[in-house]
Amino acid sequence: MGYPNPAESEYDLFMTGHAGCSVSTALGLKSGDDLMPGEEGRHSVAVIGDGAFPSGIVYEAMNNAGGLKKKMLVVLNDNKMSICPRVGGLAEYLDRLRMTSFYTGLKSEVVKVLERVPILGDPVEKLLWQVKESVKAGLHGGMLFEELGFRYVGPVDGHNIGQLRKYLAMVKDVAGPVLLHVVTEKGHGFKPAAEDPVFFHTPAPFERDDNCVVSIKKSSSRAYTAAASDAVFDLMQSNPRVTIMTAAMCQGNQLERIRDTYPDRFFDTGICESHAVAFAAGQAKAGLRPIVDIYSTFLQRSYDQIFQEVALQKLPVTFLLDRAGLTGPDGPTHHGAFDLAYMRVFPNMVVMAPGDERDVQPMVQFALTHDAPCSIRYPKSNVDSIDRVPTPIELGRAEVLDWGRDGVIVCCGTLLKSCQKAAAELRQEGLEIGVINARFIKPLDTETLLRAVDESPFVVTVEEGCLAGGFGSALVEAATDARISTAHVRRVGIPDRFIEHGERSELLAAVGLDVPGIVSACREMAAQTEGYTVPARRQVS
Ligand SMILES: Cc1ncc(C[n+]2csc(CCOP(=O)(O)OP(=O)(O)O)c2C)c(N)n1
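We now turn to the structure provided with this report. Bear in mind that the values here come from a model prediction, so they are computed numbers and not experimental data.

**As for the overall build of the protein chain**
Then comes step 1: A count of helical and extended segments in the protein chain gives 20 helices and 18 strands.
Then comes step 2: Expressed as lengths along the three principal axes of its C-alpha atoms, the size of the protein chain is roughly 100 × 55 × 50 Å.
Then comes step 3: Counting every position in the protein chain, which comprises 541 residues, the buried fraction comes to 50%.
Then comes step 4: In the protein chain, of all internal contacts separated by at least 6 residues, the share reaching a separation of at least 24 is 74%.
Then comes step 5: Put simply, the protein chain shows about 25,300 Å² of open surface, and 54% of that area lies on carbon and sulfur atoms.

Spelled out as structure tokens, the structure:
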């Protein structure tokens, strides 16, 4: 697995892939050890990158550690890069600290001279003392961390292992919290990576020959990410009030063209998802149409801001949830399994999932004209296109591709093509199965979907999201509220367990979300409901 995994190594204490939590967990480990008899002497070390460092939780943890005065070490690996070059005021501060190494000699000389300045009587003495301290403070790096209760040590060259060892040995005996600022180069040791650290953060598989790349296995197919980014680009061109936020994922979200064309309306907050959402709320209040483009899994960081700053205020913020569904080799920390469930519970929120590429642009366009928050989710996959003339996007309207005499598949999202293929396969067996592109999870198209539940021998719902609280769940709730039996509704989606890493296609197959899985769900339902007659509709309240 590409991320720490305790099942793979005893040195991986946590399975973790969301940036920024190491200082908190290291402080928890230390304070835990201190309360466990015999464990008090253990060391607790957090290693954190400068890209993760601006996350708000880091300052919550440092504030707590400074107050508790726990003996712990935070190693800040400063390579001047997040995935893209790091941004923000803290980045500039770290840049200034890096510079101080050049002045170390001068700095100590000046401090020595200041120490020798004689102290005269009051009030001159007081004034001089103040001047002296402020000059020393200016010369002494890391005041920000020192004020939080950390001893700042560095910057240290992280590629000089001998020197690094000396520093580690030195700080090992310091009583309270220490921040060791280590300076490194991203991609160090492999020339192509050092020259293009953005690409080499997560490169496609490549073959190498000593210090050069021989070939890169690059996919030429178009991804949903590109479809969404192109749609946003076009809409930014026609509407000057549209802005876009990313939380350090400019490259992953394919926003480079937008960043370069509309630098004033492109905002990279750094790895600060909760801030990005509240920031967008402010812009929406000011009259703009902000788009928050964040992976489904990372948006979980901003749950309270989605609730309070956006949904509660009914502000027109558009959420683009990239990597929604099974993300593949990144594994459990990165699968976007929960967003349908977590988004649909908020009043005012419109929740959409395109059925194919041709739904993407109209959905973004719809969101930008709708006077309330909207979310649109799409997976980490290449685009599909369904052979049809798409109906226009209309609030709370599903798109019926076919009605089927023997059953209906209702698909929420881009597995629509697989659903169509499954229906075609079942047709060979004599089963006439309809396919509906749900498009809206909220508001649900109750007219169309409850008709399907009411009139079809069976309904299979398909979603690349958790079954608990997801789309199928929403349909069953709506049917129950309408007093329609749901015994013949089968939900196919991500079960109530964390899904391992693997190729996306393998993972989809493992949870029954591939064509054979959908076919067999339909077959089972057809067998169970053979000779089934639809009950007369009970009174709808
Ligand atoms: C909460 C969260 N948001 C976004 C990401 C995506 N992400 C993965 S690595 C990375 C950059 C991290 O930079 P840094 O901490 O400096 O580590 P480096 O790769 O430079 O060593 C980002 C933004 C993430 N893992 N977690």
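**Looking at the packing of aromatic side chains**
Then comes step 1: In total, this model carries 16 aromatic pairs according to the counting rule given.
Then comes step 2: Pairing Phe145 with Tyr152 gives two aromatic rings, centres 5.9 Å apart and planes at 20 degrees, and the pair type is stacked. There is no split in this pair, since Phe145 and Tyr152 are both buried.
Then comes step 3: Here the aromatic residues Phe53, Tyr59, Tyr93, Phe145 and Tyr152 are joined through ring pairs into a cluster of three or more.
Then comes step 4: When the ring centre of Phe233 is taken as reference, the NZ or CZ atom of Arg257 above it lies at 3.6 Å.
Then comes step 5: The residue whose ring lies beneath Arg451 is Trp403, and the NZ or CZ to ring-centre distance is 4.2 Å.

**Observations concerning the environment of Asp33**
Then comes step 1: Take Asp33: it is sitting in helix α1 (residues 22-35).
Then comes step 2: In this structure, the C-alpha to C-alpha distance between Asp33 and Thr318, residues 285 residues apart in sequence, is 45 Å.
Then comes step 3: The contacts of Asp33, once residues within four sequence positions are left out, are Glu39, Glu40 and Arg42.

**Regarding the sheet that holds strand β4 (residues 178-183)**
Then comes step 1: Spatial strand order, β1-β2-β4-β3: four strands in an open sheet with parallel pairing. The open sheet is flanked by β1 (45-49) and β3 (151-157), the only strands paired with a single partner. Averaged over all neighbouring strand pairs, the angle between strand axes comes to 20 degrees, with direction disregarded.
Then comes step 2: Relative to β4, strand β2 (residues 73-78) runs parallel, the two being bridged by six bridges. Bridge pairing in β4 places Val74 opposite Leu179.
Then comes step 3: Strand contacts of helix α7 (residues 161-171): β2, β3 and β4, with the helix running at about 170 degrees to β3, the strand carrying the most contacts.

**A word on the nonpolar core**
Then comes step 1: Residues Val292, Leu299, Phe319 and Met343 are the most contacted members of the largest nonpolar core, which totals 49 residues.
Then comes step 2: Here Leu299 is in contact with Val277, Val292, Ile294, Ile306, Phe319, Leu321, Tyr342 and Met343, once residues within four sequence places are set aside.

**As for the site of the ligand**
Then comes step 1: Surveying the vicinity of the ligand reveals 19 residues, the closest of which are Gly17, Gly51, Met81, Lys186 and Glu273.
Then comes step 2: Between the ligand and Gly17 there is a distance of 2.8 Å, counted from a nitrogen atom to a backbone nitrogen or oxygen.
Then comes step 3: If the ligand stood free it would expose 580 Å²; the protein chains cover 86% of that surface.

**As for the state of the cysteines**
Then comes step 1: Throughout the structure, instances matching the rule amount to zero disulfides.
Then comes step 2: Unpaired in this structure, Cys412 has its nearest cysteine sulfur neighbour in Cys411, at a distance of 6.9 Å.
Then comes step 3: No disulfide involves Cys522; its nearest neighbouring cysteine sulfur is the one of Cys419, lying 8.0 Å away.

**Concerning the packing of helix α11 (residues 273-285) against helix α13 (residues 303-311)**
Then comes step 1: Taken N-terminus to C-terminus, the directions of α11 and α13 make an angle of 5 degrees; their axes are 9 Å apart at the nearest point. Relative to α13, α11 is oriented roughly parallel. Together, Ser274, Val277, Ala278 and Ala281 of α11 and Gln305, Ile306, Glu309 and Val310 of α13 make up the contact between the two elements.
Then comes step 2: The class makeup of the residues in the contact of α11 with α13 is five nonpolar, two polar and one charged.

**Side note on helix α18 (residues 471-481)**
Then comes step 1: Those residues of α18 lying buried are Phe471, Gly472, Ser473, Ala474, Leu475, Ala478 and Ala479.
Then comes step 2: Looking at the buried side of α18, the elements it contacts are α14 (339-344), β14 (407-412), β16 (440-442), α17 (446-455), β17 (459-466) and β18 (489-494).
Then comes step 3: Arg483 sits one or two residues past α18 and shows a positive phi near 60 degrees.

Definitions and limits used
Residue numbers run consecutively from 1 along every chain, following the written order of its sequence. Under the rules for a predicted model, residues below a pLDDT of 70 receive no local features and side-chain atom pairs below 80 are neither given nor counted, while totals for whole chains, interfaces and linings still include all residues. Only hydrogens and water are set aside; all other atoms, that is, all heavy atoms of the structure, feed into the side-chain values. In DSSP terms, a helix is any run of H or I states spanning at least four residues, a strand is any run of E spanning at least two, and both are numbered starting from the N terminus. To sort residues, take the accessible area from a 1.4 Å probe on protein chains only and compare it with the maximum for the residue type: under 20% means buried, over 50% means exposed, and anything in between is partly exposed. Any two residues having at least one pair of non-hydrogen atoms within 4.5 Å are treated as being in contact. Note that accessible areas follow from Shrake-Rupley with a 1.4 Å probe, and for residues the cover is restricted to the protein chains shown. In this analysis, rings of Phe, Tyr and Trp, with Trp reduced to its six-membered ring, are considered paired at centre separations within 6.5 Å, and the interplanar angle assigns stacked below 30 degrees, edge-to-face beyond 60, and tilted for intermediate values. Comment: the charge-over-ring label is applied if NZ (Lys) or CZ (Arg) is within 6 Å of the ring centre and within 35 degrees of the ring normal. One bridge is not enough; two strands pair if DSSP finds at least two bridges between them. A fitted line through C-alpha atoms serves as each axis, taken over the contacting stretch for helices, and the angle formed by two N-to-C directions is quoted from 0 to 180°. Put simply, a nonpolar core is a bunch of buried Ala, Val, Leu, Ile, Met, Phe, Trp, Tyr and Cys residues held in one set by side-chain atoms that sit within 4.5 Å of each other. Any residue with a heavy atom positioned within 4 Å of a molecule or strand is treated as near that molecule or strand. By the criterion applied in these results, polar contacts are pairs of N or O atoms within 3.5 Å in which, for protein atoms, one can donate a hydrogen and the other can accept it, and in which residues neighboring in sequence qualify only through two side-chain atoms. Any two cysteine sulfur atoms lying within 2.5 Å of each other are counted as a disulfide. An angle counts as roughly parallel when it lies under 35 degrees, as roughly antiparallel when it exceeds 145, as roughly perpendicular when it falls between 65 and 115, and as oblique in every other case. Ten residues, namely Ala, Val, Leu, Ile, Met, Phe, Trp, Tyr, Cys and Pro, are considered nonpolar, four, namely Asp, Glu, Lys and Arg, are considered charged, and the remaining ones, Gly among them, are considered polar.

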